[in-house]
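Per-entry structural report
One-letter residues, chain by chain:
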Amino acid sequence: MSSVSDNGTMEGSEQYGDAFPTLPSRGNPVNTQVNGRAGPARSKKPGANPSPAAPHIKSSVVTQVFYVPLEERRYKNLDQPFSSDRTAQSQACQQVSKQHGVDVETTLARDQSLTVVLTGKADAVMKAKRDVINRLQTQAQVTMNIPKEHYRYILGAKGKKLADLELETATKILIPRQEDSSEQIRITGNKEGLDRAMHEIQLISDEQAKLAFERLSIPKIYHPFIAGASNSLMKQLQETTGARINIPPPSVMKDELTVAGEKEGVKKAVDEINRIYNDKRQKCQTVSVEVNKKQHKYVVGPRGQGLHEILGAYQTSVEVPPLDSDSCTVTLRGEPTMLGAALSAVYQKANSIVSFDVDAPSWLHRFIIGKQGANIKKLMSEVPKVHIEFADGVDKISLEGPPEEVTVAQNELEKMVAELKRTMDFAEITINKKYYRNIIGKAGSNRQRLMQETNTNIRIPGEDEPSDIIRIEGDPAGVKKVKAELLEMAKKMDNEKSRDILIEQRFHKQLIGQRGESIREVRERFNQVQISFPDSGTKSDIVTLRGPKNDVDECFQYLSKLSKEMLLNNHVGEVKIFKDFHKNIIGKGGATIKKIRDETDTKIDLPNQMSNSDMITVTGRKENVAKAVAMIEQIQKELANIAEEFVTIPHKLHNAVIGVKGKFIKSIMEECGGVLIRFPAENVASDRVVIRGPKDDVENAKRQLLELVEDRKINNYTAELRAKPEFHKFLIGRHGVNIRKVRDTYGARVIFPAAADDQPDLIVIVGKQENVEKAKAQLMDQIKELEKIVEDTVDVPVKWHKNFVMRRGELLTQIAADYGGVSVSLPRNGSSSETVKLSGAKDCVAGAKQRILDIVADLEAQVSVECVIPQKHHRSIMGAKGVNVQEITKQFNVNIKFPERARQAPTSPTTEQAENGVGAKDAGEEETAAEGAAPQDIIMVSGKKDDVEGACEALQALVPITKEMDIAFEFHRFIIGQKGKDIRQMMDQFDVNISIPPSMQESNTVKVSGIEAKVDEALAALEDRVVELEKEKEDKMLRSFTLDVMVDAKYHPKIIGRGGAVIKKLRNDYQDVNIQMPNRDAAEPEKISITGYEASANAAKDAILKIVSDLESLTTLCIDIDHRCHNRIIGSRGSAIRKLMEQFKVDVRFPRSSDDNKNLVEITGAEDDCYDCQDELLNLEEEYMQDINEREEMNQFVKPSRQEEKTKKPGPQKGFVVSGAPWDPSSNVDFPSIGSSAAPAANGSRFPGAWGKK
């Protein structure tokens, strides 16, 4: 503070400048607080657009700042790091942040007030603010007596007005129900919110009251004089007049005061208020002084108490700029005689507390604080009135308190900082987080070892922290050692790599190899890489590689290649083939299956003969498996014409038809060649039964099934008998002749067990009782005959004995299985005897003997014939997957063998081949090649002579021919189809090869190769396709007619319609046309193009012109509506404007972003409807603009974001505005320029002032 010389003058400007330094201020006035109340803004911020219609870009994310004074904080003990209050406050903030999706930040200021920063969506921030205030700020409760008839105006539509008021004031307002007798409204919240809520509610009530109501527009700077200190004058006036006076609280930037009550009281109150206002307006003067921004809060005092004290003592209003303003100017307003004393009081309050910053690196803060705050607690016990603040990341310590204690704390802290700097050092190193586990060690052992050895502290960020900087603090030598060791560890680990490769677990054993031989070779090849397989009990495909980067990458590529090869070569496919056809899949001597394996390079596994499974498994490369599966399915397709039939059987008879354990239905399936009969599930009430299998067997099964259904309906008597399974075949007879005879004779059904039945010897007879008994007796007699064992012999030439014993006696085994286990004994090898002995049941022996004689007769009658056909045609003769050869083999019962493919062309000249190449010889004679025929052209056909000749003729008929056809080149791509799909389909359909010339040749000639009949069918199909393409070409030309319609661009949106509805309807009504609207930047923006058939295009044109004609008859009004209201008028996704347009039956168009006039809105429709809509829009604008203006005024008090504060540039400087000061030698009082004489003190002596004696 400046001193005064003995002669009453100031010693010098330097001393005054030391006590009251000149502070910079903004070039533009800012919002101020008048006696704790926010004053009106006198001008915009620098660079702001003064026009009220200036565009306002509103961010979807807002930041709001508010403060909770110390005396209103709910949690006061926040200084302690681990206090319960600190934990509770943190949890409350986290809950609010999670519930509303906003960021909540809290900061404790030096005066112990709590600053809360909320960031998020505007609505969410408002709700979060209310919750934060309720949780962190002490709550008060007030009651207001409001007449019940006013409640509905306070609630608003559906309670929205009350909800908005609660949200804006962060309070809870409880309004009594209509049935309650009380008229008291209870409001709960903080002081500021209570004041605002009471003000708004009182305002609403007064407006609705039947009493007198006056609005007074008095500048806000004079409100403190009307209210008086702590609202004393306002209360006194209310008591005197009985009127209710509502003065806006400091946070509401309004000049308007309201007075409500009895007319006489209102008139007296208004007169008194106007008197006070006129008196103060004439007498009051202002003095502006610069006070350090940090000291403003001491002038204001808790809850504005300091301002009220000055106002009460000196009748002077003190206007302090808001906290979010950078201005340091404090304005005093009052009568000249009192301004001097008020100014002294302001400076006295401002300088009662000082602040000082001690330079201290942020990394030393925790050492200064000490373990569990021991050091700082000791210091604070010595200077209890000093507030010490450590800011994260800031290299200073802030002190605040009385000057004497601040000096003590400053000296002590500076000593501690100097000592720590001398004895400690730090280092920061950046290491990838993936290495932290290795640096820390197991259970932190490595980190603890380093800290103990070097007397340092190593701070490693947690996994959830974004930083990857490791900080080392402690003894300088130890810090240097730890830094070097950690960097060395990181460098070593950085050169290592761990990589996972996915290899299917089924390949792990194959990759490891027998006794680990295969994986040992891999490990020797990559000896620096550790390869880890998962445990066999763990179903995991992950193989882990670890080692040097380059080696791991090379090993990864090598194993990936091996895995791909194993995956490609081990694809598994399954195909279901009827069991009876498995032998055909195998072929004679395994020829067919060997051929499929060789051609597809796959592994084919058939189920065991004893198994009842029909599934064949194919393993190999995926494409080869698909090829093999197709070949196997084609064999079944050719061997049996698979059909599917549906039979309707009443659901209630299903169990009876199926039989016990499915005996009846299994019997039908066995008798009918293994057809599939599928009944619906038990829980499905369906009568539909499916029969699937070869066509003839399906018909037979269907007939038997229907017969069984009829039989079930008539009678269901059942009898059982037992017979050895080997006798069942003889009881059934060849092709079921014996059992069919029993069924026809007695009308009973005989059911034999399936191979997998638990009782394979049980035979069930079903039918009428007397018929069943008769059938059972007959079958028992046949069984007794079969049980009698007999012996017999048959003569078989020695040369054919080998045919019976080849392939491990497969033929003898088959005979024994077919004829009840009959025993067949051939003479010993080397014996000349031709006698073959048979023993077994009588009928079985007789059947086996006849079968052997038939085999010998077939062997005697067989011949081998050479069919000469050039090898180039062999593939075509075989057909797709050998289907042609299989058909000939089946038709003529012969064996056809194609020669091996020649690797080289024959070196000896060939003569002209015979036309047929057919020659016959006895089976026993030596076979020789046809004269002059190349070996690779000879196809061997074996079988009976007549059958062989027929097979040779069929083979010759399969020799392909080639025919040509001219097709226009432009049609070739359509015949080929997308990626060759159509041409492949045609070739598969007709079993031919179609050659399309390359596009570069532009040739019209198409060649078709194949069997003559198939070629003719393919050519006919091509001709039909060409005719279709020509018709399509002609139709395309007709559909390419184009018509242009010129329509004013303003009508285009109407033609398109909302969401394209109108133009979609046009396109649907005229399906053969395409309507193309012009782009915005088109050269001819009015041209609409219509393409399609001429008649349809003209019709569409007429429809468009009709729409335009209708639109031209409508009225269009243009009105100016502030663009800031547009979004609210339009509503969410246009819902509000759509409702408005539907209500008035008009179309409303808002300006685009590129339009010059942002406020121009067009209304189109009937004239009366347009004017009605115009009135509604103007009403909405007036309502919304009032809300927007209020929000803009409120936004002036929202603290700017940190980014805005950083980017905000300081305004121009201005000097100290106090024109007269106490150092003037001619002065007799402290402030001679304010009044003519000094104000006397209370004791009659002259008031000494803030400067002391002169």
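Residues numbered from 1 in each chain as written. Predicted model: local features only at pLDDT ≥ 70, side-chain atom pairs only at ≥ 80, totals over all residues. Heavy atoms only, no water.

**A closer look at a negative patch on the surface**
Note the cut-off: Two distance rules govern patches: like charges are joined within 9 Å, and nonpolar side chains (Val, Leu, Ile, Met, Phe, Trp, Tyr) within 5 Å, applied only to residues with over 30% relative accessible area and no salt bridge. The protein chains shown are the only cover counted for residues, whose accessible areas, like all others here, come from Shrake-Rupley with a 1.4 Å probe. When a carboxyl oxygen of Asp or Glu is within 4 Å of a side-chain nitrogen of Lys or Arg, the pair counts as a salt bridge. Only four residue types enter the charge count, namely Lys and Arg as positive and Asp and Glu as negative; His and the chain termini do not. To locate a charge, take NZ of a lysine, CZ of an arginine, CG of an aspartate or CD of a glutamate. Only DSSP runs of H or I with at least four residues qualify as helices, and only runs of E with at least two residues qualify as strands; both kinds are numbered from the N terminus onward. For each residue, the accessible area found with a 1.4 Å probe, counting protein chains only, is set against the maximum for its type, and the residue is called buried under 20%, exposed over 50%, and partly exposed in between.
A cluster of acidic residues, Glu1167, Asp1168, Asp1172 and Asp1175, forms a negative patch at the surface. Inspection of the secondary structure assignment puts Asp1175 in helix H44 (residues 1167-1195). Given the relative accessible area of 43%, Asp1175 is considered partly exposed.

**Some thoughts on the packing of helix H3 (residues 122-136) against helix H5 (residues 160-169)**
So the rule is basically this: Interaxial angle, 0 to 180 degrees, is taken between N-to-C directions of lines fitted to C-alpha atoms, where a helix line uses only the stretch in contact. Any angle from 65 to 115 degrees is called roughly perpendicular, while one under 35 is roughly parallel, one over 145 is roughly antiparallel, and all others are oblique. In what follows, a contact means two residues having at least one pair of non-hydrogen atoms within 4.5 Å. Gly counts as polar in this scheme, as do all residues outside two lists: the nonpolar Ala, Val, Leu, Ile, Met, Phe, Trp, Tyr, Cys and Pro, and the charged Asp, Glu, Lys and Arg.
Where H3 contacts H5, the axes come no closer than 7 Å and their chain directions differ by 65°. Judged on the interaxial angle alone, H5 and H3 are roughly perpendicular. Along the contact surface, H3 presents Met126, Lys127 and Arg130, while H5 presents Glu166, Leu167 and Glu168. Its residues assigned to classes, the contact of H3 with H5 comprises two nonpolar, no polar and four charged.

**Focus: the environment of Glu964**
Residue position: Glu964 is located in strand S39 (residues 961-966). On a C-alpha basis, the gap between Glu964 and Asn1004 in space is 9.9 Å, while along the polypeptide they are 40 residues apart.

**Topic: the sheet that holds strand S40 (residues 993-995)**
Formally: Think of it this way: DSSP has to see at least two bridges between two strands before they count as a pair.
Reading across the sheet, the three strands line up as S39-S41-S40 and stay open at both edges, with antiparallel pairing between neighbours. Both outer strands of the open sheet, S39 and S40, are each paired with one neighbouring strand and no more. Taken pair by pair, the neighbouring strands of this sheet meet at an average axis angle of 20°, ignoring direction. Bridge count between S40 and strand S41 (residues 1005-1010): three bridges; the pairing is antiparallel. Bridge pairing in S41 places Ile994 opposite Val1008. Contacting S39 and S41, helix H38 (residues 1012-1039) runs over the sheet at an angle of about 15° to S39.

**A short note on unusual backbone geometry**
The backbone of Lys979 sits at a positive phi, close to 55°, despite the residue not being glycine. Note that Lys979 resides in the loop between helix H36 (972-976) and helix H37 (981-990). Lys979 gets classed as exposed once you look at its relative accessible area, which sits at 76%. The phi torsion at Arg1133 lies on the positive side, around 55°, for a residue other than glycine. Among the secondary structure elements, Arg1133 is positioned in the loop between helix H42 (1126-1130) and helix H43 (1135-1144). Residue classification places Arg1133 among the exposed residues on the basis of a relative accessible area of 81%.

**Remarks on the sheet that holds strand S21 (residues 496-502)**
By definition, the strands of a sheet pair up through backbone hydrogen bonds, in either a parallel or an antiparallel sense. As summarised here, the arrangement of the three strands in space is S21-S23-S22, forming an open sheet in which the pairing is antiparallel. Because the sheet does not close on itself, it has two edges, and the strands there are S21 and strand S22 (530-532). Each strand axis lies, on average, 15° off the axis of its neighbour in the sheet, ignoring direction. Pairing analysis gives three bridges linking S22 to strand S23 (residues 542-548), with the strands arranged antiparallel. If you follow Ser532 over to S23, its bridge partner there is Thr544.

**Some points on the packing of aromatic side chains**
Heads up, the condition is: Pairing of aromatic rings covers Phe, Tyr and Trp, the last through its six-membered ring, and needs centres within 6.5 Å; plane angles under 30 degrees mean stacked, over 60 mean edge-to-face, and all others mean tilted. The criterion for a charge sitting over a ring is simple: Lys NZ or Arg CZ within 6 Å of the ring centre, and within 35 degrees of the ring normal.
A full pass over the atoms with the stated rule returns three aromatic pairs. Relative to Tyr277, the ring of Tyr222 has its centre 5.3 Å away and its plane inclined at 75°; by these criteria the two rings are edge-to-face. Here Tyr222 is found in the loop between strand S9 (212-217) and helix H7 (223-227), whereas its partner Tyr277 is found in helix H9 (residues 263-283), with 55 residues between them in sequence. With respect to class, Tyr222 is no different from Tyr277; both count as buried. Clustering of aromatic rings is evident, with ring pairs tying together Tyr222, Phe225 and Tyr277. Over the ring of Phe646 we find Arg688, and its NZ or CZ is 3.7 Å from the ring centre.

**Observations concerning the pattern of salt bridges**
For the structure shown, the criterion picks out 32 salt bridges. Here Asp279 makes a salt bridge to Lys283, at a shortest N to O gap of 3.2 Å. A residue pair is termed a helical-turn pair when its members lie 3 or 4 positions apart in one helix, as Asp279 and Lys283 do in helix H9 at four residues. By relative accessible area, Asp279 is classed as partly exposed at 23%. A salt bridge links Lys280 to Glu335, with the nearest nitrogen and oxygen atoms 3.7 Å apart. Within this pair, whereas Lys280 is found in helix H9, its partner Glu335 is found in the loop between strand S14 (329-334) and helix H12 (336-350), the two being separated by 55 residues in sequence. Residues joined by salt bridges that share partners form a network here, namely Glu428, Arg471 and Glu473.

**Focus on the environment of Met1194**
If you trace the backbone, Met1194 turns up in helix H44. By relative accessible area, which is 30% here, Met1194 ends up partly exposed. Measuring from C-alpha to C-alpha, the distance between Met1194 and Val252 comes to 7.5 Å, with 942 residues separating the pair along the chain. With residues near it in sequence (within four places) discarded, Met1194 still touches Arg196 and Ser251.

**A few points about the side chain of Asn1159**
Selection rule: We define a polar contact as two N or O atoms separated by no more than 3.5 Å, with the added condition that, inside protein, one atom must be a possible hydrogen donor and the other a possible acceptor, whereas residues neighbouring each other in sequence contribute only through side-chain atom pairs.
Locating Asn1159 in the fold gives a position in the loop between strand S46 (1146-1149) and strand S47 (1160-1165). Of the polar contacts made by the side chain of Asn1159, one reaches the backbone nitrogen of His1123; its length is 2.9 Å. Setting aside chain neighbours within four positions, we find Asn1159 in contact with Ile1119, Asp1120, Ile1121, Asp1122, His1123, His1126 and Pro1151.

**Observations concerning helix H6 (residues 191-208)**
As a reminder, the rule being used: Here, expected helix span is obtained from the residue count minus one, scaled by 1.5 Å.
The end-to-end C-alpha separation of H6 is 26 Å, in line with the 26 Å expected for 18 residues at 1.5 Å each. Taken residue by residue, H6 has Gly193, Leu194, Arg196, Ala197, His199, Ile201, Gln202, Leu203, Ile204, Ser205 and Asp206 as its buried positions.

**Regarding the state of the cysteines**
We apply this condition: In plain terms, two cysteine sulfur atoms within 2.5 Å form what is called a disulfide here.
Applying the stated rule across the entire model yields zero disulfides. Left unpaired, Cys1170 is separated from the closest cysteine sulfur, that of Cys1173, by 7.4 Å. Overall, Cys1170 belongs to the buried group, its relative accessible area being 0%.

**Details of the packing of H5 against H6**
Helix-helix packing is characterised by the crossing angle of the two axes and by the distance between the axes. We count it as follows: For a crossing to be left-handed, the near helix must be turned anticlockwise from the far one by less than a right angle; the clockwise case is right-handed.
Two elements in contact, H5 and H6, have axes whose closest approach is 9 Å; the angle formed by their N-to-C orientations is 150°. Relative to H6, H5 is oriented roughly antiparallel. The hand of the H5/H6 crossing is right-handed. In this structure, H5 contributes Lys161, Leu165, Glu168 and Thr169 to the contact, and H6 contributes Gly193, Arg196, Ala197, Glu200, Ile201 and Ile204.

**Some remarks on the pairing of strand S11 (residues 256-261)**
With five of six residues buried, S11 lies mostly within the body of the structure. Note: S9 against S11, six bridges, orientation antiparallel. Within the sheet, the bridge partner assigned to Glu214 lies in S11 and is Val259.

**A closer look at the confidence of the model for the protein**
The condition is simple: Per residue, pLDDT measures the predictor's confidence, with a range of 0 to 100.
Of the residues in the protein, 86% reach a pLDDT of 70 or more, and the chain-wide mean stands at 78. Per-residue pLDDT stays below 50 along residues 1223-1227; that stretch engages in seven contacts with residues further than four places along the chain or on separate chains.

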